[in-house]
2 protein chains.
Amino acid sequence: MTYCVGLRLNSGLVFMSDTRTNAGVDNVSVFRKMFTWNQPGERVITMLTAGNLATTQSVVSLLDERAKIPAERKPSILEAPTMLQVAQLVGETLRETIHANAASGQNADSTFNATIILGGQIGTMQPRLFLIYPEGNFIESTADTPFFQIGETKYGRPILVRAYEPGMSFEDAVKLLLVSFDSTIKANLSVGLPLDLLVYENDTLKIGHEKRFGIDDPYYQQISTGWGEALKQAFHSLPDFSF
Amino acid sequence: MTYCVGLRLNSGLVFMSDTRTNAGVDNVSVFRKMFTWNQPGERVITMLTAGNLATTQSVVSLLDERAKIPAERKPSILEAPTMLQVAQLVGETLRETIHANAASGQNADSTFNATIILGGQIGTMQPRLFLIYPEGNFIESTADTPFFQIGETKYGRPILVRAYEPGMSFEDAVKLLLVSFDSTIKANLSVGLPLDLLVYENDTLKIGHEKRFGIDDPYYQQISTGWGEALKQAFHSLPDFSF
């Protein structure tokens, strides 16, 4: 499994992804699930992937190759004029990849499905955030639904629902994401450290802060141990029940 | 879906269950999922059910009928000498019911599976808490795993993991369960009010407190609105991140 979140704030986009992949519980590896394409001053595109690792790696490699080789460049996410067209391109590539595996006559215990969070900004247009389905279609975040989660989404959802605010600072958003990820990691073996973070500030058209939180990261440790205590205090601050 | 929790405390057992059943999102009903058999001074047995409603109702009806009709009483949960044998009886009844449906030649979109939390006390023996699987086998709670959840378990798990303590009072346990259920209800349409509560105090051999929390319950309202605020405060009490 996997856990990835893309948040849209008033001031930009924040992405976080875990790095654990597993085929069963006895075959566990570390793979990056966050990918960025950047032409400084022109566009920044970030993708988070969940699902079948062969599928997501293949999608990323195809997008990469088409962006790098001039002859192949016709449909390239570095040339598409809008984020909507980038999303269409990624969706098509995802659908084709899944279809190619499914149609090959091979069978597998699990499906070849994958889901992608895509966010970024091109030129002077608004930054946009999409959730792309295995079928290749997608939805876009709005003020009503300003964040997307993929993978093992349930444990970490309540704190996002309660504490997210569109006007929060990047620093607070990172804190919020770490709490959400820590709640998930504590409850589910299929999500694990290290965690990748990327912050994109509106209209900068360059990658903002990037960071990897490992198990030894002192701030992650503070959040992980502090949150248990803070939750207990929050719990005790509620009015007591009496029969 | 469903959400039910059985907690083992030092001083007794606490059970909570929601009441929403659904076949799709357009066919939603209210059904009680908490069932109790009680012979005051001799035994108290409580069951929480999740899964196919036809299966769980059938299991409860069979157990009920066998407990009431003397001639059928040979394998009765009111006569089994230990909680272990009660668990075996419930497990067998569950497995038979699922098997009878599965073998009937009918097909359904969803399976006939169900899962049961069973707790109670007989005579001077220890109170015990079991989780019974569709296959009819079961596990028992221990000091390491002092509570069981069934149904839509993920949203409400982090707070249980962090705030549960075996020495907590019944009142605090009710508060904890309401927070866990509220987090689930806020995030998932398939779990809904009203919530049923039952408290069993060790060695009383009678049903303790019983209560149904409806949407208008003032304490539930306090928890539901207060928890959002308390969570935000807990969140802000954590050390701030800086890049």
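In short, a report on the structure. Everything numeric in this text was worked out from a predicted model, so none of it was measured. (Residues numbered from 1 in each chain as written. Chains lettered and ligands numbered in written order. Predicted model: local features only at pLDDT ≥ 70, side-chain atom pairs only at ≥ 80, totals over all residues. Heavy atoms only, no water.)

## Points about the interface of chain B and chain A
Inference 1: On the chain A side, the residues contacting the 47 residues of chain B number 46 residues.
Inference 2: Contact between chain B and chain A buries roughly 4,300 Å² in total, counting both sides, with carbon and sulfur atoms accounting for 72%.
Inference 3: Summed over the three residues of chain B that lose the most area to chain A, namely Arg162, Phe241 and Phe243 of chain B, the buried surface amounts to 22% of that side.
Inference 4: Summed over the shared surface of chain B and chain A, the number is 8 salt bridges.
Inference 5: Between the two partners, chain B and chain A, sit 16 residue pairs in polar contact (both at pLDDT 80 or more).
Inference 6: Counting only elements with at least two residues in the side of chain B that touches chain A, the list comes to α3 (157–163), α4 (170–187), β11 (195–201), β12 (210–213) and α5 (218–237) of chain B. (Contact = heavy atoms within 4.5 Å. Buried area = accessible area lost by both parts, 1.4 Å probe. Salt bridge = Lys/Arg side-chain N within 4 Å of Asp/Glu carboxyl O. Polar contact = N/O pair within 3.5 Å; in protein donor to acceptor, adjacent residues only side chain to side chain. Helix = DSSP H or I, 4+ residues; strand = E, 2+ residues; numbered from the N terminus.)

## Notes on the packing of aromatic side chains
Inference 1: Throughout the structure, instances matching the rule amount to 12 aromatic pairs over all chains.
Inference 2: Their ring planes at 35° and their centres at 4.4 Å tell us that Tyr3 of chain B and Phe181 of chain B sit as a pair that is tilted. Residue Tyr3 of chain B is found in strand β1 (residues 3–9), and its partner Phe181 of chain B is found in helix α4; the two are separated by 178 residues along the sequence. Each member of the pair, Tyr3 of chain B together with Phe181 of chain B, is buried.
Inference 3: Grouped by ring-pair contacts, the aromatic residues Phe213 and Tyr219 of chain A together with Phe241 and Phe243 of chain B constitute a single cluster.
Inference 4: Here the basic side chain of Lys175 of chain A rests over the ring of Phe235 of chain B, its NZ or CZ set 5.0 Å away from the ring centre.
Inference 5: Note that Lys211 of chain A overlies the ring of Phe213 of chain A, its terminal NZ or CZ placed 5.0 Å from the centroid. (Phe/Tyr/Trp six-rings, centres within 6.5 Å; stacked < 30°, edge-to-face > 60°. Buried < 20%, exposed > 50% of the residue type's maximum accessible area, 1.4 Å probe, protein only. Lys NZ or Arg CZ within 6 Å of the ring centre and 35° of its normal.)

## Examining unusual backbone geometry
Most peptide bonds take the trans configuration, and most residues that are not glycine carry a negative phi.
Inference 1: At the junction of Leu193 of chain A and Pro194 of chain A, the peptide bond is cis and its omega measures out at -5° in the coordinates.
Inference 2: You can see Pro194 of chain A is positioned in the loop between α4 (170–187) and β11 (195–201).
Inference 3: You will see that Asp203 of chain B, though not glycine, has its phi angle at about 70°, which is positive.
Inference 4: On the secondary structure map, Asp203 of chain B appears in the loop between β11 and β12.
Inference 5: Of the residues examined, Asp203 of chain B reaches a relative accessible area of 57% and is grouped as exposed.
Inference 6: For Leu205 of chain B, which is not glycine, the phi dihedral falls at a positive 55°.
Inference 7: The exposure class of Leu205 of chain B is buried, given its relative accessible area of 9%.

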